[in-house]
Amino acid sequence: MAEERSPLEAEIRRRIAQGGPMPVAQYMELCLTDPEHGYYVTRDPLGASGDFTTSPEVSQMFGELIGIWAAAAWRTMGSPENVRVVELGPGRGTLMLDALRAARVLPEFRAAIVAHLVEVSPVLETIQRLAFGSCDVPVSWHKSLSEVPEGPLIVIANEFFDALPVHQAVMCADGWHERVIKVGEGDNLHFSIARDPIPLFDEFLPSEMRPAKIGEIFEWRTDQMALELSRRVVRANGIALIIDYGHAISEIGDTLQAVGGHQFVSPLTTPGRVDLTAHVDFQALARAAESMRARVHGPVEQGEFLHRLGIEQRANALKAGAPHDQAVAIQSGLVRLTSTERTGMGRMIKVLGLSAPKLESLPGFEP
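Throughout this description, residue numbers start from 1 for each chain and increase along the sequence as written. Where totals are concerned, whole chains, interfaces and linings use all residues; where local detail is concerned, this predicted model gives features only for residues with pLDDT of at least 70, and gives and counts side-chain atom pairs only at 80 or more. For side-chain calculations, the full set of non-hydrogen atoms in the structure is used, while hydrogens and water are omitted.

Undergrad: Would you mind going over helix H6 (residues 94-102) with me for this structure?
TA: Residues spaced three or four apart along an α-helix face the same direction, because each turn holds 3.6 residues. Between buried and exposed lies partly exposed: a residue is buried under 20% and exposed over 50% of the maximum accessible area for its type, with that area taken using a 1.4 Å probe on protein chains only. A run of H or I in DSSP counts as a helix once it spans at least four residues, and a run of E counts as a strand once it spans at least two, with each numbered from the N terminus. Residues of H6 that are buried: Leu95, Met96, Asp98, Ala99, Leu100 and Ala102. Here, two residues are considered to be in contact whenever any of their heavy atoms come within 4.5 Å of each other. Looking at the buried positions of H6, the neighbouring elements they touch are helix H4 (55-58), helix H5 (60-76), strand E2 (83-88), helix H7 (107-112), strand E3 (113-118) and strand E5 (153-158).

Okay, structure coming up:
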């Protein structure tokens, strides 16, 4: 028996019938943020009962080290007496809460913090408000970075950019064609290509991508979010930390993937009911930041970054006073966050720092 179509699939089919094939980026945006049926708008996707697990949910050590990093970054900024600590896409709020707890090691930093959570999901915002109910740091919620008040800021974006819509183009005999979604044989959604090649696409491509073979796929995102973030960092003498799945150098390849119930599924399966992501092109992100005069630090692999911040020492301190089963869980979290093996997060996830031009170095980015 065929699986029942999701409400969003009906809307996508209607749009394709009216307007023709739908670009991958438009499909991804609808699937994730459609106001009525979008994946992030309608559910809590995190943890064992959700569809995926992020680093803050793996171990408290992740958020704690980010908190200690933020304290050191604050000092690099000149210790402003009022600093906005902003998180983009904060999930359940776990990272920020762990970071604020760890920030107690530098009381003057913690006293300077006003927390700002940028969240588009009403479901997750409700969860965050409950989690921050007893927090003694002022917290505000916003739908976009532009709503965060001006002033010195530290921005944290953990697994945020990989959920921004990605465009795909396919190399064909007559040039690059945008990858689209159509309704095909069997009345199923399927991938195809736009009829006409994208004009002057070769001029947009990084030069090393131009000798691509027929059938190969190139992915790109609009620079809008990267430009807005970088502009804000430069204007506010601020700092941003971007942590995400991705590649350090632009490359050919299809990285669009869907996850449901901690399993990989087809991106065209039950739109709005599974998570869609695509790897971040850190070279493109850095290029956009530099165009706004931001200073770029890294990227470095997550495992290396956490080692530099002292994750082993933190794990040993936690294990020293813990019962055996807890100590095993702490060690397991350490391995998962830093391992460079296929199942670990240490190599696949990269960390990029952005800062105002005068801030020449950032904690965690110097060997």
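Now that the structure has been shown, the text picks up again.
Undergrad: Before we go on, may I ask you to explain the packing of helix H10 (residues 224-235) against helix H11 (residues 282-291) in this structure?
TA: A pair of packed helices is characterised by two quantities: the angle between their axes and the separation of those axes. Lines fitted to C-alpha atoms define the axes here, with helix axes fitted over just the stretch in contact, and angles between the N-to-C directions of these axes take values from 0 to 180 degrees. One way to put it is that H10 packs onto H11 with a least axis distance of 8 Å and a crossing angle of 45°. It follows from the interaxial angle that H10 and H11 lie oblique. Taken as a pair, H10 and H11 cross one another with a handedness that is right-handed. Judged by residue contacts, Ala226, Leu227 and Ser230 of H10 engage Leu285, Ala288, Ala289 and Ser291 from H11. Roughly parallel means an angle under 35 degrees; roughly antiparallel, over 145; roughly perpendicular, 65 to 115; everything else is oblique. Should the near helix be turned anticlockwise from the far one by less than a right angle, the crossing is termed left-handed; should it be turned clockwise, right-handed.

Undergrad: Any chance you could explain the packing of aromatic side chains here in plain terms?
TA: How two aromatic rings sit relative to each other is given by the distance of their centres and the angle of their planes. Two aromatic rings, drawn from Phe, Tyr or Trp (for Trp, its six-membered ring), form a pair once their centres lie within 6.5 Å of each other, and the interplanar angle then sorts them: stacked below 30 degrees, edge-to-face above 60, tilted otherwise. All chains considered together, the criterion is met by eleven aromatic pairs. An angle of 50° between the planes, with centres 5.7 Å apart, marks the rings of Trp176 and Phe201 as tilted. Residue Trp176 is found in strand E7 (residues 175-183), and its partner Phe201 is found in helix H9 (residues 201-204); the two are separated by 25 residues along the sequence. Accessibility expressed as a relative area gives 2% for Trp176, which makes it buried.

Undergrad: I would appreciate a short explanation of the pattern of salt bridges in the present structure.
TA: If the charged atoms of two oppositely charged side chains come close together, the side chains can form a pair. Salt bridges are defined as contacts in which a side-chain nitrogen from Lys or Arg sits within 4 Å of a carboxyl oxygen from Asp or Glu. The final tally for this structure, using the stated rule, is 20 salt bridges. Two residues, Arg110 and Asp136, come together in a salt bridge whose shortest N-O distance is 3.0 Å. Taken together, the residues Arg110 in helix H7 and Asp136 in the loop between helix H8 (122-131) and strand E4 (139-142) connect sequence positions 26 residues apart. Owing to a relative accessible area of 11%, Arg110 belongs among the buried residues under this scheme. A relative accessible area of 53% means that Asp136 is categorised as exposed. In this structure, Glu304 and Arg308 form a salt bridge, with 2.9 Å as the shortest nitrogen-oxygen distance. With Glu304 and Arg308 both in helix H12 (residues 302-309), this residue pair falls four residues apart, about one helical turn. Relative accessible area serves as the criterion here: at 37%, Glu304 is assigned to the partly exposed category. Through salt bridges with shared partners, one network takes in Arg5, Glu9, Arg13 and Asp187.

Undergrad: I'm lost on unusual backbone geometry in this one. Help?
TA: Trans is the prevailing form of peptide bonds, just as negative phi is the prevailing case for residues other than glycine. The linkage connecting Gly298 with the following residue, Pro299, adopts the cis geometry, with an omega of 10°. Tracing the backbone through its elements, the reader meets Pro299 in strand E15 (residues 295-301). Phi angles above zero are rare outside glycine, and Ser79 is one such case at about 55°. With respect to the element layout, Ser79 can be found in the loop between H5 and E2. Classification of Ser79 as partly exposed rests on a relative accessible area of 34%. Of note, Arg293 is a non-glycine position whose phi angle comes to about 75°, a positive value.

Undergrad: Just checking my understanding: could you explain the environment of Ser250 for this structure?
TA: Here Ser250 is to be found in the loop between strand E10 (239-247) and strand E11 (257-260). Taking C-alpha positions, Ser250 is 17 Å from Trp176, a pair spaced 74 residues apart along the chain. Once residues lying within four places of it in the same chain are set aside, the contact partners of Ser250 are Pro206, Met209, Asp281, Gln283, Ala284 and Arg287. Whenever a nitrogen or oxygen atom comes within 3.5 Å of another N or O atom, the pair is scored as a polar contact, on the condition that within protein one atom can donate a hydrogen and the other can accept it, and that pairs from neighbouring residues in sequence are kept only if both atoms are in side chains. Separated by 2.7 Å, the side chains of Ser250 and Asp281 make a polar contact.

Undergrad: Explain the nonpolar core to me, please; I cannot follow it from the model alone.
TA: Nonpolar side chains tend toward joint burial in soluble globular proteins. What we call a nonpolar core is a set of buried Ala, Val, Leu, Ile, Met, Phe, Trp, Tyr and Cys residues that are connected through their side-chain atoms within 4.5 Å. In terms of nonpolar packing, the biggest core is built from 45 residues, with Trp69, Val83, Phe109 and Phe305 touching the most fellow members. Per-element tally for this core: the top contributor is H5, with nine residues. In this view, Trp69 contacts Ile154, Ile239, Leu241, Phe305, Leu309 and Pro363; residues no more than four positions away in its chain are not counted. If you look at the next biggest cluster of nonpolar residues, it comprises 26 residues, including Val155, Phe160, Val280 and Leu354.

Limitation: the analysis is restricted to geometry and does not speak to function.
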